[in-house]
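# Summary of the model geometry
Listed below are the residues making up each chain.
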Amino acid sequence: MSKPDDEIKVVRQGAEDGYAESQFWLAISYHMGKGIAKDCEKAVIWYRKAAEKNHTPSQFNLAMLFYLGNDVPKDLNETAKWMTRAAEQGEAASQNTLAVLYYNGEGVEKSIEEAIKWWRQSAENGNSKAQVSLGAMYYDGKGVKKDMVQALMWNNLSVENGSEDGKQNQDTLEKEATPEQITEAKKLADEWIKNHSIR
């Protein structure tokens, strides 16, 4: 038996014994066809078993499988269900994606307020995509009062966090802001960084 076969055998045994982490890795193996024949229906089964044990990476991957609909039938209700469960556990990427679902009304009733709530939680958890989106909401005044300082602050944090989208927004924001707004936003971003770990 080759090494990959041995590894799959061990992972499968752990999955069958009910270990969520093993179920996750077996699902990944089926999903990606690593060490085993690709089978997305089996991937869904094993992701779901781990997701039901509140394994957040499984919840996220399961939600994304249903969202993309490339290998399994697209199901936005299942997407929203599993993305919500992962987001409620504090997983930043899930919070950001759930915000997008609310913003677009995909699998959930469209709600700018809910979108902002989840973008804010994700942004506070250091997700650069959510930081860009939250900054954009403040810039446009969508669901929140238009606030150039908050727009700049969140965008600055996204840039600090490595966001290319944030870098592209930076010039536009700074051209429209007053020097006082730029200074205040930098001060707020520096304070936020001091009190949070964004890397």
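Just above sits the structure.
Attention in this report is confined to the structure presented alongside it.

Basis of the calculations
- Residues numbered from 1 in each chain as written.
- Predicted model: local features only at pLDDT ≥ 70, side-chain atom pairs only at ≥ 80, totals over all residues.
- Heavy atoms only, no water.
- Helix = DSSP H or I, 4+ residues; strand = E, 2+ residues; numbered from the N terminus.
- Contact = heavy atoms within 4.5 Å.
- Buried < 20%, exposed > 50% of the residue type's maximum accessible area, 1.4 Å probe, protein only.
- Salt bridge = Lys/Arg side-chain N within 4 Å of Asp/Glu carboxyl O.

Moving on to the environment of Met-153. Mapped onto the elements, Met-153 comes out in helix 9 (residues 148–160). Put simply, Met-153 and Gln-181 are 28 residues apart on the chain and 9.4 Å apart in space, counted from C-alpha to C-alpha. With near-sequence residues (within four places) excluded, Met-153 lies in contact with Ala-185, Leu-188 and Ala-189.

With that settled, the discussion passes to the environment of Tyr-139. Structurally, Tyr-139 is set in helix 8 (residues 128–140). According to the relative accessible area criterion, Tyr-139 is partly exposed, its value standing at 22%. Residues Tyr-139 and Ala-37, 102 residues apart in the sequence, show an inter-C-alpha distance of 48 Å. In contact with Tyr-139, not counting residues within four places along its chain, are Lys-146, Met-148, Ala-151, Thr-172, Leu-173 and Glu-176.

Bringing the side chain of Ser-122 into the picture now. Among the structural elements, Ser-122 can be located in helix 7 (residues 112–124). Setting aside residues up to four positions removed in sequence, Ser-122 forms contacts with Ala-92, Gln-95, Asn-96, Asn-127 and Ala-130.

So, on to the side chain of Ser-22. By the element assignment, Ser-22 lies in helix 2 (residues 20–32). Ser-22 gets classed as buried once you look at its relative accessible area, which sits at 19%.

Under the defined criterion, the tally for this structure stands at five salt bridges. In this structure, the salt-bridge partner of Lys-38 is Asp-71, at a minimum N-O distance of 3.9 Å. On the criterion of sequence distance, the pair formed by Lys-38 in the loop between helix 2 and helix 3 (40–51) and Asp-71 in the loop between helix 4 (56–68) and helix 5 (76–88) is long-range, its members being 33 residues apart. Among the residues examined, Lys-38 registers a relative accessible area of 51% and is labelled exposed. Of the charged contacts in the structure, one is a salt bridge between Asp-190 and Lys-186, with a shortest N-O distance of 3.0 Å. With Asp-190 and Lys-186 both in helix 11 (residues 179–195), this residue pair falls four residues apart, about one helical turn. Here Asp-190 falls in the partly exposed class, since its relative accessible area comes to 39%. A relative accessible area of 48% means that Lys-186 is categorised as partly exposed.

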